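Per-entry structural report
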Amino acid sequence: MRSVPGRVAGVAAAALVSLWLPAAAHGDDSFTLVVSGASGGAEYAERLERWRSVLIDALRERPAFRDGHLRVLAETPGPGVGRASREGVRDAVAQLGRQMDDRSVLLVVLLGHGTFDGADARFNLVGPDLEAREWRAILEPLPGSVVFVNTTAASFPFLDRLGAAGRVVITATGSPAQRYETVFPEYFVTAFGNPASDADKDGRVSVWEAFAYASDEVRRFYQRAGRLATERPMLDDTGDGIGRERDRGGPDGALAARLYVGAGAGARPDEDDPALAPIIARRTGIEARIAELRAAKETMDPAAYRAALEPLLVALARVSREVRRRTAGGGTPPGTRLDP
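Residues numbered from 1 in each chain as written. Predicted model: local features only at pLDDT ≥ 70, side-chain atom pairs only at ≥ 80, totals over all residues. Heavy atoms only, no water.

**Comments concerning the overall build of the protein**
If you tally the helices and strands in the protein, you get 9 helices and 12 strands. Residues classed as buried in the protein amount to 53% of the 340 residues present. Excluding contacts between residues fewer than 6 apart, the proportion of contacts in the protein whose partners are at least 24 apart in sequence is 67%. (Helix = DSSP H or I, 4+ residues; strand = E, 2+ residues; numbered from the N terminus. Buried < 20%, exposed > 50% of the residue type's maximum accessible area, 1.4 Å probe, protein only. Contact = heavy atoms within 4.5 Å.)

**Structural notes on the nonpolar core**
With 42 residues, the main nonpolar core has Val168, Ile170, Phe184 and Phe188 as its most contacted residues. Secondary-structure elements contributing two or more residues to this core are α2 (42–60), β2 (70–74), β4 (105–111), β8 (145–150), β9 (167–171), α6 (184–191) and α7 (207–225). No other element matches α7, which puts 9 residues into this core. When neighbours within four sequence positions are excluded, Phe188 is seen to be in contact with Val109, Val149, Ile170, Ala210, Phe211 and Ala214. Grouped together as the second largest cluster of nonpolar side chains are 31 residues, Leu73, Leu106, Val146 and Phe148 included. (Core = buried A, V, L, I, M, F, W, Y, C linked by side-chain atoms within 4.5 Å.)

**Observations concerning the sheet that holds strand β10 (residues 234–236)**
Read from one edge of the open sheet, 7 strands run β3-β2-β1-β4-β8-β9-β10, paired in mixed fashion. For this open sheet the edge positions go to β3 (82–83) and β10, each flanked by a neighbour on one side alone. Bridging between β8 and β9 involves 5 bridges; their strand directions are parallel. Bridging across to β9, Val149 finds its partner in Ile170. The sheet contacts of α2 involve β1 (30–36), β2 and β4, and relative to β1 the element is tilted by about 170°. Packing of helix α4 (residues 132–139) onto the sheet brings it into contact with β4, β8 and β9, and relative to β8 it is tilted by some 155°. (Pairing = 2+ DSSP bridges. Axes fitted to C-alpha atoms, helices over the stretch in contact; angles between N-to-C directions.)

**Digging into the pairing of β1**
Along β1, 7 of the 7 residues are buried, which leaves the element largely enclosed by surrounding structure. Side chains Ser30, Thr32, Val34 and Ser36 of β1 all project onto a buried face; the interleaved residues Phe31, Leu33 and Val35 project onto the opposite face, where all are buried too. Across 7 bridges, β1 lies against β4 in parallel orientation. Paired with Leu33 across the strands is Val108, a residue of β4. Judged from the 4 bridges that link them, β1 and β2 form a sheet pairing that is parallel. The partner of Thr32 across the bridge, within β2, is Leu70.

**Some thoughts on the pairing of β9**
Among the 5 residues in β9, 5 count as buried, and that is most of the element. With burial as the criterion, each face of β9 is covered, one bearing Arg167, Val169 and Thr171 and the other bearing Val168 and Ile170. Read from β8 through helix α5 (residues 157–162) to β9, the crossover connection turns out right-handed. Pairing geometry for β9 and β10, over 3 bridges, is antiparallel. Note on β10: the bridge partner recorded for Thr171 is Met234. (Right-handed = clockwise from strand over helix to strand, strands pointing away.)

**Thoughts on the confidence of the model for the protein**
Low pLDDT marks stretches whose predicted atomic positions should not be read closely. Residues with a pLDDT of 70 or more make up 83% of the protein, whose mean pLDDT is 82. When pLDDT is averaged over each helix and strand of the protein, the minimum, 38, is found for helix α1 (residues 4–20) and the maximum, 97, for β3. Low pLDDT, under 50, characterises residues 1–27; the predicted model gives this stretch 57 contacts beyond four residues in sequence or across chains. Low pLDDT, under 50, characterises residues 329–340; the stretch is placed with 15 contacts to residues that sit more than four places away or in other chains. (pLDDT = per-residue confidence, 0-100.)

**Remarks on the sheet that holds strand β6 (residues 121–123)**
If you walk across this open sheet you meet the 3 strands as β5-β6-β7, and the pairing is antiparallel. Each end of this open sheet is capped by a strand with a single partner; those strands are β5 (114–116) and β7 (130–131). In terms of strand pairing, β5 meets β6 through 3 bridges, oriented antiparallel. Within β6, the residue paired with Gly114 across the bridge is Phe123.

Structure follows, in structure tokens:
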């Protein structure tokens with residue numbers, strides 16, 4: 001059990017997540033940047049191309065996904081694919097940034113190789129690389145939320161460098177010393193198209209569910225191989241730059257659980273009705289508070305936890321029933337008032 005100050009700090013950090021949670025977003029507010037960097041050889045180039053294709057194909061299956069909100073950068077440019085260089089990254093982020101607003105969610109996925117020199121981590125690009133601190137500077141002006149996924153070796157320092165309010169940062173490794181090639185990207189890119197990753201069976205995969213699925217598969221990979229794991233996926237969404245593993249407790253995960261690739265946050269595809277926005281936002285807020293409370297469960301007195309959870313579950317059931325009632329008839333009648 002943590003000390004009392006530790007418990008207070010943990011609950012306080014979790015409570016702040018609700019302040020960072022974006023309003024319920026629709027597909028028009030969801031953006032994606034996929035960067036596969038310098039390959040270092042033909043064999044790895046083929047692997048990067050396959051990962052990139054699997055991820056993009058899965059994203060395009062999302063009902064609310066928009067090709068106009070997608071930018072792809074690679075070692076070899078082509079139709080619809082820019083160059084994975086420093087300038088290419090800056091231009092792509094700037095282009096997407098001009099389309100984004102405060103409700104937007106940008107997914108950034110890095111596929112390739114990473115290095116750490118003892119001072120800063122880098123993602124290998126065509127030409128000069130970008131250090132983690134440079135990535136932070138590039139993303140800083142963007143409105144809305146960012147989900148930043150670095151699937152490479154030596155990616156752990158990105159967790160600390162990029163951690164910020166309203167941002168989810170995922171790394172394939174849990175230590176700067178983990179510099180071997182990772183298997184995490186193999187499983188992360190397949191998560192969005194694999195029904196097994198949809199843990200709550202609601203027909204969509206949240207960022208947390210994709211992270212959890214990939215983390216579990218990484219663990220199984222090393223167990224099957226009879227090898228000591230040389231990577232430890234981490235996720236930070238409280239902005240403290242510390243993060244957590246999939247099977248460890250802590251406040252991280254509440255924001256990631258409410259973000260959906262290709263569909264922003266909160267609303268499901270059959271709820272893409274502007275008139276529903278207030279009630280969807282209420283449901284999103286309740287779900288976020290439940291996630292925060294569950295993250296803090298081990299730091300709380302059991303009776304206090306149950307007392308706090310029960311009214312939230314009742315409120316969630318009521319608002320979910322109201323959403324179902326209003327969507328069952330094919331939409332909200334004009335002039336209908338929604339009481340959030």
